[in-house]
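Summary of the model geometry
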There are 2 protein chains.
Amino acid sequence: MTTLIDGKKTAREIRAWVADEVARTVRERGRVPALATVLVGDDPASAVYVAAKRSAIREAGMGDVHRALPPHASQAEVAAVIDELAQDRDVSGILLQLPLPGGLDAGALIDRIPAGKDVDGLTTTSAGLLARGADGLRPCTPAGVLKLLDTEGVPLRGAHAVVVGHSELVGRPMARMLLQRDATVTVAHRHTLRLASVTRQADILVVATGVPGLIGADHVKPGAVVVDVGIHRTPGGLQGDVRARELDGHAGLLTPVPGGVGPMTIAMLLANTLAAARQSPSRS
Amino acid sequence: MTTLIDGKKTAREIRAWVADEVARTVRERGRVPALATVLVGDDPASAVYVAAKRSAIREAGMGDVHRALPPHASQAEVAAVIDELAQDRDVSGILLQLPLPGGLDAGALIDRIPAGKDVDGLTTTSAGLLARGADGLRPCTPAGVLKLLDTEGVPLRGAHAVVVGHSELVGRPMARMLLQRDATVTVAHRHTLRLASVTRQADILVVATGVPGLIGADHVKPGAVVVDVGIHRTPGGLQGDVRARELDGHAGLLTPVPGGVGPMTIAMLLANTLAAARQSPSRS
């Protein structure tokens, strides 16, 4: 029997916990944690994502600061907005919505965000802190995956975890976080030969490839934990990187799409914003 | 037949190349690249390592700056020395010899080294640049391993590389560098179950565990490339993490101990110091 991992439920619990903690922070420190979202251009999907994040932030009782820039904003204009938010002591966290319009250097802009406000965990400093195993803000999606595994009581130490996909946003930080927890970790990707023979070794299989339905029963060891980070709009509805129907009765645990990893990303963004607010120096 | 990888030869070639390039830099820019070594305390092994590095630096025509601090130097005293070298425009690179005497926070001291002078590639920023796949100075030992593999023409893309050991100095950056080159990468370590069944999958096996003779023929696929980063003084002479005799006629390529990876570490330190000198702003 395959058990579905209920990401919605865990995300709801985290969001409720964050809301309680925000209320306590406001009470005890007289200070409202706040997230600043920066949206450049008019990509409709980005607008939807940013709106969802802002709504979740407000729902948790946090401050919602927003800066919208036109599609042709220059590197210097975006940089100036980030610098202003970096200096603003009322802003706990800064999120620069990706992807940016062509012509902007995303890496350079991200690196203007101070590590203490880097709620997406994407700056060079945050990546370095993770690589060194030091405290810091972690990217939301892999942090959400780890939270789901912990909530389900999946043992990580000594488990063989296979991460398919080596993106900077998910695959690579995911691998580092699993290694930090003493899993044996394999990273596979588009250049991997005989993918199925690699993924079939996984006790824990995390799939983040951006290829709809890439992974089926042939790729999965019976009883394995399968985490599907993909989400794709198809004629048949939302679909992940995993052919979920094939895995029913084959995988041990499986995250559904939707309702698995997706809701966790926003929940972890809220948790990161709270953590950033708590670490910042008090105003006096 | 097993071919031994001649690290001494490759290291010698790199050192000769660095010496030529140093001479050219002095001629064209009127500037001598220089390495500053910082040695705290009186650990005899550390003293030997630092002496070897300084001698190689001088031999390459580079400037040799050295700071020795007593065993009971405080955190602030070591920090002040690093800060002074960080500001000194005649110093291209800074190497803080590890391990430090107990009581000192090595991570915090390393992070005082500016990324542009971080010839050991160990600062948070350098680790983050590597994690993000951006240009930067890389840790010398894994960089040396990669150079040996390239010199031998070992294909990396799509190869299955297994790294045994997940230290911050070698294993973790090694895994990241192999991933960067599109290998499928597995990191195994002391918590890995059934180690031999993991390592036997490797086309390229890099062993950096600190356990003498851990890896034998049972751990190695016939024809695999085996890189032994370990070096241990035993009653029978210097030995690596690999039982080299067992692998003769079994591995395809093998780095000997001594004379394999060891000489490459210093060669890459010289190359990093040259690179740091070239990237630093000209004096005018």
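Residues numbered from 1 in each chain as written. Chains lettered and ligands numbered in written order. Predicted model: local features only at pLDDT ≥ 70, side-chain atom pairs only at ≥ 80, totals over all residues. Heavy atoms only, no water.

**Here we look at the interface of chain A and chain B**
Counting from both sides, the interface comprises 34 residues of chain A and, opposite them, 34 residues of chain B. Across the chain A/chain B interface, buried area totals approximately 2700 Å², and carbon plus sulfur atoms make up 50% of it. When the buried surface of chain A facing chain B is broken down by residue, Arg 132, Leu 179 and His 191 of chain A rank first, second and third, together holding 25% of it. The interface formed by chain A and chain B includes four salt bridges. (Contact = heavy atoms within 4.5 Å. Buried area = accessible area lost by both parts, 1.4 Å probe. Salt bridge = Lys/Arg side-chain N within 4 Å of Asp/Glu carboxyl O.)

**Remarks on the pairing of strand E4 (residues 93–96) of chain B**
Residues and elements named next belong to chain B. Neither face of E4 is exposed, since Gly 93 and Leu 95 on one face and Ile 94 and Leu 96 on the opposite face are all buried. Judged from the four bridges that link them, strand E2 (residues 34–40) and E4 form a sheet pairing that is parallel. If you follow Val 38 over to E4, its bridge partner there is Leu 96. (Buried < 20%, exposed > 50% of the residue type's maximum accessible area, 1.4 Å probe, protein only. Helix = DSSP H or I, 4+ residues; strand = E, 2+ residues; numbered from the N terminus. Pairing = 2+ DSSP bridges.)

**A word on the relation of the copies chain A and chain B**
The two copies are related by a screw operation: chain A maps onto chain B through 180° of rotation and 0.0 Å of translation along the axis, at an RMSD of 0.0 Å. On this basis, the relationship between the two copies can be described by a two-fold rotation axis. The share of interface residues of chain A whose copies in chain B are also at the interface is 100%, consistent with both copies meeting through the same surface. (Least-squares fit on C-alpha atoms with pLDDT ≥ 70 in both.)

**Overview of the sheet that holds strand E4 (residues 93–96) of chain A**
Residue and element names in this part refer to chain A. Judged by pairing direction, the sheet is parallel, and its three strands sit side by side in the order E3-E2-E4 without closing on themselves. Edge positions in the open sheet fall to strand E3 (63–69) and E4, since each of these has one partner strand only. Neighbouring strand axes in the sheet, compared pairwise and without regard to direction, differ in orientation by 15° on average. Two elements, strand E2 (residues 34–40) and E3, share seven bridges in a ladder whose sense is parallel. (Axes fitted to C-alpha atoms, helices over the stretch in contact; angles between N-to-C directions.)

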